[in-house]
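One letter stands for each residue in the lines below.
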Amino acid sequence: MRIFIKNLFIISLFILTASIAKAQKIGFVDIEVIKTTLGDFKKIETKLMGVKKSYEDTLKIMQTEFQQGVEAYQKQAALMNAEAKSKEEERLGGIRERVLKYNEEKFGNSGELARSQAEMVRPIMEKVKSAIEQVSKSDKLSAVFETSMTAFYDKKSDITFKILDIIKKREK
C-alpha cells in the first residue's frame, strides 16, 4: 500500500510539473541583430576601435624596442663580460615585464579596453533590458533567452523586433 501511495505521489508530481512547464511562455531575443540595428552600438564600436588601435600601436613600439634590444644583446653577448651580460639581461627583463604589464592592463579581461567597453555599452544594454521586460510583461513571458545560447527555437517566439520597436519609440 505504501508503495502504491508513493508511486501515485510521484506520478502526480510528474503530471503537475509537466502541466506547469507547458503553461510557461518563453521568448527569444537576438542581441546581434539589436547591435547591428542600433546606431549607438556602431558609434561605440568605432570609438573602441580607435582606442584599441592606439593601445596596439603603443604595444607594437614597446615590442619592437624589446626585440631590437634582444637582437643587439645576442650580437654583442660574446664580447661582454659577465657583469655587462647580467646588467643587459636585467634591462631586457624589465622591458619585457613592461610589455607584458601594458598588454594585461590594456587588453586583459579586466583591462582598460574591457572596462571602457562595459562602461560605454551599459546605458544601451539597460535600454534593451528595459524593453525586454516591457515585452515580457505585455506578452506574459516567463523567460527570455538569447538566441546565440540556444540550439533551436521557434521563430514565432522571437521578440527581437518588438524590442527594437520599443527602443526606437522611446528615442523619438
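Enquirer: Would you take a moment to explain the environment of Lys129 for this structure?
Expert: Assignment of secondary structure puts Lys129 in helix α5 (residues 112-138). Judged by relative accessible area, which is 52%, Lys129 ranks as exposed. As a C-alpha pair, Lys129 and Ile163 span 34 residues in sequence and 9.0 Å in three-dimensional space.

Enquirer: When you look at the layout of surface pockets in this model, what are you seeing that I'm missing?
Expert: The rolling of a water-molecule-sized probe over the atoms marks out the regions of remaining empty space. By volume, the largest pocket amounts to about 350 Å³. Along its surface, the largest pocket is lined by 15 residues, and Lys35, Ile44, Glu45, Leu48 and Gln117 are the ones closest to its centre. When residues in the lining of the largest pocket are grouped by element, the largest group, 7 residues, is from helix α3 (residues 39-76). Of the residues contributing to the lining of the largest pocket, the split by class is 8 nonpolar, 2 polar and 5 charged.

Enquirer: I would appreciate a short explanation of the pattern of salt bridges in the present structure.
Expert: Pairing of side chains with opposite charge becomes possible as their charged atoms draw close. Considering all chains together, one arrives at 11 salt bridges under this definition. Across the pair Lys127 and Glu171 runs a salt bridge, and its minimum N-O distance is 3.6 Å. Taken together, the residues Lys127 in helix α5 and Glu171 in helix α6 (residues 160-171) connect sequence positions 44 residues apart. On the basis of relative accessible area, Lys127 is assigned to the partly exposed category, the value being 36%. Where salt bridges share partners, they join Asp40, Lys127 and Glu171 into one cluster.

Enquirer: Honestly, the packing of aromatic side chains in this entry has me stumped. Any pointers?
Expert: Working definition: an aromatic ring pair is given by the centre-to-centre distance plus the angle between the planes. With the rule as written, the count across this model stands at 3 aromatic pairs. On the numbers, 6.2 Å between centres and 90° between planes, the contact of Tyr55 with Phe107 is edge-to-face. One end of the pair, Tyr55, is in helix α3; the other, Phe107, is in helix α4 (residues 82-107), and 52 residues separate them in sequence. Tyr55 sits in the buried class, given a relative accessible area of 13%. Its relative accessible area of 26% is what places Phe107 among the partly exposed residues. An aromatic cluster is defined as three or more aromatic residues linked by ring pairs; in this entry it consists of Phe28, Phe145 and Tyr153.

Enquirer: Any chance you could explain the packing of α5 against α6 here in plain terms?
Expert: Angle between the axes and distance between the axes are the two parameters that describe a pair of packed helices. Look at α5 against α6: their axes get within 9 Å of each other, and the N-to-C directions meet at 120°. The hand of the α5/α6 crossing is right-handed. Judged by residue contacts, Lys127, Val128, Ser130, Ala131, Ile132, Gln134 and Val135 of α5 engage Lys162, Ile163, Ile166, Ile167, Arg170 and Glu171 from α6. When the residues that make up the contact of α5 with α6 are grouped by side-chain class, the tally is 7 nonpolar, 2 polar and 4 charged.

Rules of the game
Residues numbered from 1 in each chain as written. Predicted model: local features only at pLDDT ≥ 70, side-chain atom pairs only at ≥ 80, totals over all residues. Heavy atoms only, no water. Helix = DSSP H or I, 4+ residues; strand = E, 2+ residues; numbered from the N terminus. Buried < 20%, exposed > 50% of the residue type's maximum accessible area, 1.4 Å probe, protein only. 1 Å grid on protein atoms, 1.4 Å probe; cavity = no way out; pocket = protein on both sides within 12 Å on 5 of 7 lines; lining within 4 Å. Points joined across faces, edges and corners; volume = space filled by probe spheres on them. Nonpolar A, V, L, I, M, F, W, Y, C, P; charged D, E, K, R; others polar. Salt bridge = Lys/Arg side-chain N within 4 Å of Asp/Glu carboxyl O. Phe/Tyr/Trp six-rings, centres within 6.5 Å; stacked < 30°, edge-to-face > 60°. Axes fitted to C-alpha atoms, helices over the stretch in contact; angles between N-to-C directions. Left-handed = near helix turned anticlockwise from the far one by under 90°. Contact = heavy atoms within 4.5 Å.

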